[in-house]
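Structural overview
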Amino acid sequence: MLITLCLIILGYMIVGKDVKPWVEKLKSVDWKSKADKVIGKIKEYAVKAGRVAVRPLLQFYYVMTDAETTTMEKALIYGAIIYTVSPISIIPAAAYHIFGILDEGAAIAFVYKKVKDKITPAINLKVDETIEDWFGPDYSVSKAGYIE
């Protein structure tokens, strides 16, 4: 039921409909336990999608676990994460290739716009640490040709 409500809130927000009655139903949700469960789904997705694709989902995860994040923002984040990592999609990528990825991208972009002010340097540091833990250190070649 929680996933359905969060996806309804996400969809309604994208098309500009009132979501207050739906958000009220989520006031008593234990978001900490939901966040604990969703991090495993993000990690599974990360293995397939890579470090660049997983970055916004981790940013969302850490914003979702922040005490300052509102119930509506948590619902939007949860909906976007679940929609992105779920094999079920409105526009399936297997059938429609690039167009099948656009709906997940639209959900991510919409939620990012709503919560970007909550993505602090401390959150980005946690994201970087998690990505390094999951994928190993990120190496780049300097102008002098050395690996940094």
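So, here is what we can say about the structure in this document. Since the structure is predicted, the reported quantities are computational estimates derived from the model, not experimental observations.

What follows concerns the environment of Leu2. Looking at where Leu2 falls in the secondary structure, it is placed in helix 1 (residues 2-15). Between the alpha carbons of Leu2 and Gly79 there is a distance of 9.0 Å; along the sequence they are 77 residues apart. Setting aside its immediate chain neighbours within four residues, Leu2 contacts Leu26, Val29, Trp31, Lys34 and Tyr78.

Attention now moves to the pattern of salt bridges. This structure, assessed with the given rule, holds three salt bridges. The salt bridge involving Lys32 is made with Asp36; its shortest N-O contact spans 2.8 Å. Taken as a pair, Lys32 and Asp36 lie in helix 3 (residues 31-49) at a separation of four residues, close to a single helical turn. Classification of Lys32 by relative accessible area gives exposed; the value is 52%. Residue Lys118 is joined to Glu73 by a salt bridge in which the shortest nitrogen-to-oxygen separation is 3.2 Å. Here the residue Lys118 occupies a position in the loop between helix 7 (98-115) and helix 8 (121-135), and Glu73 occupies one in helix 5 (residues 71-85), the gap between them amounting to 45 residues. Each member of the pair, Lys118 as well as Glu73, carries the same accessibility label: buried.

This part is about the nonpolar core. By size, the foremost hydrophobic cluster in this structure holds 40 residues, and its most contacted members are Phe60 and Val111. Of all the elements in the fold, those that place two or more residues in this core are helix 1, helix 3, helix 4 (51-64), helix 5, helix 7 and helix 8. Here this core takes nine residues from helix 5, the largest share from any one element.

The subject of this paragraph is the side chain of Thr84. Note that Thr84 resides in helix 5. Overall, Thr84 belongs to the buried group, its relative accessible area being 9%. Within the local environment of Thr84, its side chain forms a polar contact with the backbone oxygen of Ala80, the two atoms lying 2.7 Å apart. In contact with Thr84, other than residues within four places in its own chain, are Tyr45, Leu57, Glu104 and Ile108.

Orientation of helix 4 relative to helix 8, taken along the N-to-C sense of each, is 130°, at an axis distance of 9 Å. Accordingly, the angle class assigned to the pair helix 4 and helix 8 is oblique. Like other packed secondary-structure pairs, helix 4 and helix 8 cross with a definite hand, here right-handed. Between helix 4, through Arg51, Val54, Arg55, Leu58, Gln59, Tyr62 and Val63, and helix 8, the contact on the second element is made entirely by Ile123, Asn124, Lys126, Val127, Asp128, Thr130, Ile131, Trp134 and Phe135. Across the contact of helix 4 with helix 8, the residue classes break down as nine nonpolar, three polar and four charged.

The rules behind the values
- Residues numbered from 1 in each chain as written.
- Predicted model: local features only at pLDDT ≥ 70, side-chain atom pairs only at ≥ 80, totals over all residues.
- Heavy atoms only, no water.
- Helix = DSSP H or I, 4+ residues; strand = E, 2+ residues; numbered from the N terminus.
- Contact = heavy atoms within 4.5 Å.
- Salt bridge = Lys/Arg side-chain N within 4 Å of Asp/Glu carboxyl O.
- Buried < 20%, exposed > 50% of the residue type's maximum accessible area, 1.4 Å probe, protein only.
- Core = buried A, V, L, I, M, F, W, Y, C linked by side-chain atoms within 4.5 Å.
- Polar contact = N/O pair within 3.5 Å; in protein donor to acceptor, adjacent residues only side chain to side chain.
- Axes fitted to C-alpha atoms, helices over the stretch in contact; angles between N-to-C directions.
- Parallel < 35°, antiparallel > 145°, perpendicular 65-115°, else oblique.
- Left-handed = near helix turned anticlockwise from the far one by under 90°.
- Nonpolar A, V, L, I, M, F, W, Y, C, P; charged D, E, K, R; others polar.

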